[in-house]
Amino acid sequence: MIQLKGIAAAGGISIGPAYLLGKEEFVVLRETISWADIPAQIQLFEEALIQTRREIIELQKRISADMGQQEAQIFDAHLLVLEDRMLIEEVISRLKKEQLNVAYIFSEVLKKYIGVFLEIEDEYLKERTADINDVGKRILRNLLGKEKKGLEDVKGRAIIIAHDISPSDTAAMHTKNVAAFVTDIGGKTSHTAIMAKSLEIPAVVGLEGVTSKISPGDTVIVDGTLGVVIVNPDQETLNSYQQKLEQLKGIADKFLSVKDLAAVTADGRTVLINANIEFPDEVPSARLHGCQGIGLYRTEFFYMNRKDSPSEEEHYQAYKYVAEEMSPHPVVVRTLDIGGDKFLSQFKIPYEMQPFLGWRAIRFCLARPDIFKLQLRAILRASVHGNLKLMYPMISGVEELRQANQLLQEAKEELRQNGMAFNDKIEVGVMVEVPSAAMTADILAREAHFFSIGTNDLIQYSLAVDRSNEKVAYLYDPAHPAVLRLVKSIIDAAHQAKIKVAMCGEMAGEPSLALILLGLGLDEFSLPPQVIPELKYLIRSVNMKQAQQFAVEAMQLATGKEVEEYSQNRLAEVLK
Ligand code: PEP
Ligand code: MG
């Protein structure tokens, strides 16, 4: 049994067999063969080449259909490797000369080739190493008769162990097959972690080297709440986790008992508890968990895992569905937020050294009014079907807000000219997630209908900590006094201007910090749906005077650690 500690990314406990994704290290045995075996070994090699070719062409077709021809072209280089006469002849001549099994000979030749390419100065040729490696692994797998692996092949309720999983791969996961996942890299508020939460898949990320510590089929316990992973647990540990699962179910039932009640403190202060969603089909689950609205609808996931961009009609249908399902409750549609760790192949965003500081979100949309206005028109059209609001991400100052609003006016005008109905009074909010927006919240508040604090980004930008980098994850701290001060000043500025302020970053769903946020005067919390019952329970257990006192005391502390300890203690008292 080994116990490993990573970053707790999505809560809950799962136990199951390990499934190693994308790790194709084969053990190739060296076996002597007889002269008579040589023709059969050559035939095996040829069949493996044919099979590999078939697989690559099939993959190329699928990628071309899903993502476009350009993406599919990378496989042309793979096909060229398969036709490399020098490589094929070297394998056959060594096979005859050395009389060793073809898988072993091939793996030796492959190693030599990769070694030679790595030595070459030419960048283009160097890059071909990855192609040779990739194709070589495929051939080897076919020679050894191993199964092909991909997320789509996962069967049963497996624990996925991978170096990294992209947000779009997470979005494509089938929850019935994936019990949990663990990755070598990543941070707590990366979009992969956020997706895991919304799919209710426990996840531990940033566990460096985990892919080399777990073998396929190992029994693994993933405690996504504590960030703990236990490999091949002994019977005692297994029993204790099974008991813990039972206890958790008991606690969850207690929270669920208040899910449909208002989030009102013992002395009468009511706040709104909304849900964060990424897809329209999450609405039923959000409602089931007792949400009072959708506080953040991350629309960029709509563009993922497809080769073209959604049409205005497709956008409209999606927003209309959410608006109608939630009506009369509010739905805050956030306009496209790509860049950072979310890439869309359709838009060909160039490689950037620091994508989180680069061409992202509103910056991209202002530069591409065609894409932006298409979405704005769809949101406006859907606004007649319910209580829709719209919100811009990554606003860094009032000029960007004005530019975005200018395009909104144009979108309205276009609809008017086409005689299409929309709610002219649709509320327009600003995500406060860039420190410059936080510092100028008083100015922004004059021109926004509401604020929503995006702490996932606000923390990374104010503490200068990449939210998806496990190396600096220890510095990513929502309890940091700088974060609390920024949050307080945003809330105060909003209230001064008489507008409401929500929080839709993950911090809003941290129960201990939620007490402080309540005390600071936050009006709305928007969270992954499954945390809603717990937060409602908590708010109903405290009174506002207490929470305000907690906030005052927390604001006087010097470090995040002190704030965390203090708020955990208060949480324990409140829930006693
Ligand atoms: C945030 O930054 O807190 C937020 C809610 O937006 P996202 O996580 O999608 O960047
Ligand atoms: Mg953000």
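Above this note sits the structure.
Residues numbered from 1 in each chain as written. Chains lettered and ligands numbered in written order. Predicted model: local features only at pLDDT ≥ 70, side-chain atom pairs only at ≥ 80, totals over all residues. Heavy atoms only, no water.

## Some points on the overall build of the protein chain
Quick reminder of the rule: Helix and strand assignments come from DSSP, with helices taken as H or I runs of at least 4 residues and strands as E runs of at least 2, each series counted from the N terminus. Residue exposure (1.4 Å probe, protein chains only): buried if accessible area is under 20% of the type maximum, exposed if over 50%, otherwise partly exposed. Residues are treated as being in contact if the distance between any of their heavy atoms lies within 4.5 Å. Computed by Shrake-Rupley with a 1.4 Å probe, the accessible areas treat only the displayed protein chains as cover when residues are assessed. Charge convention: Lys and Arg are scored as positive, Asp and Glu as negative, and His as well as the terminal groups of each chain are ignored. Throughout, a charge is located at the NZ atom of Lys, the CZ atom of Arg, the CG atom of Asp or the CD atom of Glu.
Looking only at helices and strands, one finds 23 helices and 17 strands in the protein chain. Burial statistics for the protein chain: of 576 residues in total, 55% are counted as buried. Restricting to contacts in the protein chain with at least 6 residues of sequence separation, those with at least 24 account for 69%. Carbon and sulfur atoms make up 52% of the accessible area of the protein chain, which amounts to about 25600 Å² in all. Averaging the positions of the 64 positive and the 79 negative side-chain charges in the protein chain gives two centres separated by 3 Å.

## Regarding the nonpolar core
In summary, soluble globular proteins display a tendency toward joint burial of nonpolar side chains. As a reminder, the rule being used: For the purposes of this section, nonpolar cores are sets of buried Ala, Val, Leu, Ile, Met, Phe, Trp, Tyr and Cys residues that join through side-chain atoms within 4.5 Å.
Counting 112 residues, the largest nonpolar core has Ile294, Tyr392, Phe451 and Phe525 as its most contacted members. Take this core: its biggest share by element is eight residues, from helix H19 (residues 481-496). Beyond its immediate chain neighbours, meaning those up to four positions away, isoleucine 294 contacts Asn274, Ala275, Ile277, Ala286, Val322, Met326, Pro330, Val331 and Val332. Residues Val28, Ile105, Leu110 and Ile114 belong to the second largest nonpolar core, which totals 34 residues.

## Remarks on the side chain of lysine 412
One can find lysine 412 in helix H15 (residues 398-417). Classification of lysine 412 as buried rests on a relative accessible area of 5%.

## Side note on the coordination of the magnesium ion (ligand 2)
Quick reminder of the rule: Only nitrogen, oxygen and sulfur atoms qualify as donors, and only when within 2.8 Å of the metal (3.2 Å in the case of Na, K and Ca); with water excluded, sites may look incomplete.
Here the magnesium ion (ligand 2) is held by the protein donor atoms Glu433 (OE) and Asp457 (OD), which lie 2.0 to 2.1 Å from it. Of this pair, glutamate 433 sits in the loop between strand S14 (427-432) and helix H16 (435-439) while aspartate 457 sits in helix H18 (residues 455-462); the two residues are 24 residues apart in sequence, bridging distant segments of the chain. Aspartate 457 gets classed as buried once you look at its relative accessible area, which sits at 2%.

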